[in-house]
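Observations on chain architecture
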Amino acid sequence: MGNYPVSVHDSYLINLASPKPDSADKSVKAFAEELRRTEKLGIEYLVTHPGSHLGSGKLEALERYVANLDQAIALSETEEVKVLIENTAGQGTNLGSRFGELATILEDSGYTSRMGVCFDTCHAFAAGYDLRSAESCAEVFERFDKLIGIDFIRFFISMTVNRSLVPIRIAMNISGRAVSDLMDSGISSMTNGLQPYLRLLKLRKKMILTLS
Ligand SMILES: [Zn+2]
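We now examine helix α2 (residues 58-76). Owing to its 3.6 residues per turn, the α-helix brings residues three or four apart onto one side. Taking 1.5 Å per residue, 19 residues should reach 27 Å; α2 reaches 26 Å between its end C-alpha atoms and fits that length. For α2, the set of buried residues is A61, L62, Y65, V66, N68, L69, A72, I73 and S76. Elements that come into contact with the buried residues of α2 comprise α1 (21-40) and α3 (99-108). Following α2 by one or two positions, E77 has its phi on the positive side, about 55 degrees.

Shown next as structure tokens:
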């Protein structure tokens, strides 16, 4: 795949947080299969949403999610492919709209070194994280950094907050070099869509300068 980070997305039918044992079991097997397939294709990342609690309560569902995710990774017998948890808008009973939930998943999994985050700005905005100005973007990413660590962001999906245009997809490799795939047509929408990403880059630069 050269230097381009590449990711695929798992099936939306998979729910590793399901309180129903049969659907959780099917989801574990299906996710293990997704991992195997991704590894076989030589693709580095598998993006996934953290499932839905279906009324069973967030905390319990998060525990179940992590246990089932770890079980699927073990079952897949894969070694290379990394799992990117995507932040969600939190619609219905979806998990993963709060940074704290993502932090819990990454902390509690036995495979943290094989995990990261796919950051979707539109989902974050819908979940209540204000990304409309440079200052609010900086605040959001500083909060993310405190709770999770900015380096866990491996993919970035940036969309204009009014959702009227095609998203800008940006992939970031481990060293932080950005490979952008600009699907947008309008200059103004690109500026809006890229704003959160530029803030993220600034924050990373500040961190690198602080470390060196
Ligand atoms: Zn997604």
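The rest of the description comes next.
Here we come to the environment of H9. In this fold, H9 is placed in strand β1 (residues 7-9). Residue classification places H9 among the partly exposed residues on the basis of 14 C-beta atoms within 10 Å. Along the chain, H9 and T48 lie 39 residues apart, while their C-alpha atoms are 6.0 Å from each other.

This part is about the environment of P5. With respect to the helices and strands, the residue P5 is situated in the segment before β1. The class for P5 is buried, based on 20 C-beta atoms found within 10 Å. Note: C-alpha distance between P5 and Y45 (40 residues apart in sequence) is 7.9 Å.

Counting buried positions along strand β4 (residues 115-120) gives five out of six residues, so the element sits mostly inside the fold. In terms of strand pairing, strand β3 (residues 82-86) meets β4 through four bridges, oriented parallel. Each bridged residue has a counterpart across the sheet, and for L84 the counterpart in β4 is G116. Once the chain exits β3 it traverses α3 before rejoining the sheet at β4, and the crossover so formed is right-handed.

About the cut-offs
Residues numbered from 1 in each chain as written. Predicted model: local features only at pLDDT ≥ 70, side-chain atom pairs only at ≥ 80, totals over all residues. Helix = DSSP H or I, 4+ residues; strand = E, 2+ residues; numbered from the N terminus. Expected span 1.5 Å × (residues − 1). Buried ≥ 20, exposed ≤ 12 C-beta atoms within 10 Å, placed from the backbone. Contact = placed C-beta atoms within 7 Å. Pairing = 2+ DSSP bridges. Right-handed = clockwise from strand over helix to strand, strands pointing away.

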